[in-house]
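Listed below, chain by chain, are the residues.
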Amino acid sequence: MGKAKTKAQRRGRTRKAGPRESNGQPQRPSVSEIRASTVEARMRQHGLTLVQAGDRLAGYEIGRMYLRNLIDLVDVEVCDDYVQTVARFMSLTNPQHPFPKAMDYLAAKGFGGEPSQEQIDRTRKAYAEWVQPLENCESSARMTFHGVVFYDNPAAGNVDRVKHCIAALRRKFR
């Protein structure tokens, strides 16, 4: 018969079953296992083929629209440029943290310290140039477009609205 466990041996959580690393921690999935499960999920959730789900463009809705042949590659580039310009503008004009208690007043803002006035002016001008063509689109189309490009909302029933906004940007910049 084995010895009874002492009180100290019974303390704590019960150990989870499964394979372990050499240091005793639970084994984590490999990169190939993560990729395979990601591709499988994309196929299931978005109705993509195996080849499409493995493409880097399948990671966001505009890319998936391209993979479904709803838009072309130039439209994807236009949307990516728009998102980068808006993100750059927001990073310069909005505070880093939404709550003052979370702010670190001693840390430099952004990657290169405080932006110069010239950088701010250039960014504001670029932002205004990109937003101007969208003013001709109806507000519901703009909201749908922003939901797709910024929040990865599905464009299923609103493809025409999204394509209308992309066309307005494309006329201006390509």
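Scope of this entry: the structure provided in the associated data block.

Another point: the overall build of the protein. Counting secondary structure elements, the protein contains eight helices and zero strands. Counting the 174 residues in the protein, one finds 24% classified as buried. For the protein, the proportion of contacts with a sequence separation of at least 24, taken over those separated by at least 6, is 51%. Total accessible area computed for the protein in this model is approximately 12,900 Å², and 53% of it derives from carbon and sulfur atoms.

Look at helix 7 (residues 139-151) against helix 8 (residues 159-173): their axes get within 8 Å of each other, and the N-to-C directions meet at 90°. One finds that helix 7 runs roughly perpendicular with respect to helix 8. Along its contact with helix 7, which presents Ser-140, Ala-141, Arg-142, Thr-144, Phe-145 and Val-148, the element helix 8 presents Arg-161, Val-162, Cys-165, Ile-166 and Leu-169. Residues that form the contact of helix 7 with helix 8 fall into these classes: seven nonpolar, two polar and two charged.

So, about the nonpolar core. Membership of the largest hydrophobic core comes to 28 residues, with the highest contact counts inside it found for Ile-62, Tyr-82, Phe-145 and Val-162. Put simply, the parts of the chain that give this core at least two residues each are helix 4 (61-67), helix 5 (73-93), helix 7 and helix 8. Of the residues forming this core, the biggest block, six residues, is contributed by helix 8.

The residue Asn-69 is not glycine, and still its phi comes out positive at about 65°. Considering the arrangement of structural elements, one finds Asn-69 in the loop between helix 4 and helix 5.

The subject of this paragraph is the environment of Trp-130. Examined against the element boundaries, Trp-130 turns out to sit in helix 6 (residues 117-131). According to the relative accessible area criterion, Trp-130 is buried, its value standing at 9%. Along the primary structure Trp-130 and Ala-168 are separated by 38 residues, whereas in three dimensions their C-alpha atoms are 9.9 Å apart.

As a further point, take helix 2 (residues 31-46). Look at helix 2: 22 Å from first C-alpha to last across 16 residues, which is about the 22 Å you get at 1.5 Å a residue. Val-39, Ala-41 and Arg-42 are the residues of helix 2 that are buried. Projected down its long axis, helix 2 carries its buried residues within an arc of 165°, all on one side. Among the exposed residues of helix 2, those oriented more than 90 degrees off its buried face are Ser-32 and Arg-44. Gly-47, located one to two residues past helix 2, shows a positive phi value of around 65°.

Each value, and the rule that gives it
- The residue numbers shown here count from 1 along each chain, following its written sequence.
- Per-residue local features are limited, in this predicted model, to residues with pLDDT of at least 70; the limit for side-chain atom pairs, both in listing and counting, is 80 or more; totals at the level of whole chains, interfaces and linings are taken over all residues.
- Only hydrogens and water are removed before side-chain values are computed, so all heavy atoms of the structure are retained for them.
- Going along the chain from the N terminus, every DSSP run of H or I of four or more residues is numbered as a helix, and every run of E of two or more is numbered as a strand.
- Relative accessible area decides the class of each residue, using a 1.4 Å probe on protein chains only: under 20% of the type maximum gives buried, over 50% gives exposed, and in between gives partly exposed.
- Only heavy atoms enter the contact rule, under which two residues are in contact if any of them lie within 4.5 Å.
- Under the convention used here, a 1.4 Å probe and the Shrake-Rupley method define accessible areas, while residue burial counts only the protein chains that appear.
- Note on geometry: axes are C-alpha line fits, over the in-contact stretch for helices, and angles between N-to-C directions span 0 to 180 degrees.
- When an angle is under 35 degrees it counts as roughly parallel; over 145 it counts as roughly antiparallel; between 65 and 115 it counts as roughly perpendicular; any other value is oblique.
- Charged residues are taken to be Asp, Glu, Lys and Arg, nonpolar residues to be Ala, Val, Leu, Ile, Met, Phe, Trp, Tyr, Cys and Pro, and polar residues to be all remaining types, Gly included.
- Take the buried residues of types Ala, Val, Leu, Ile, Met, Phe, Trp, Tyr and Cys, join any two whose side-chain atoms come within 4.5 Å, and each joined set is a nonpolar core.
- Each residue after the first adds 1.5 Å to the expected span of a helix.
- When we speak of the arc, we mean the arc of directions from the helix axis to the C-beta atoms.

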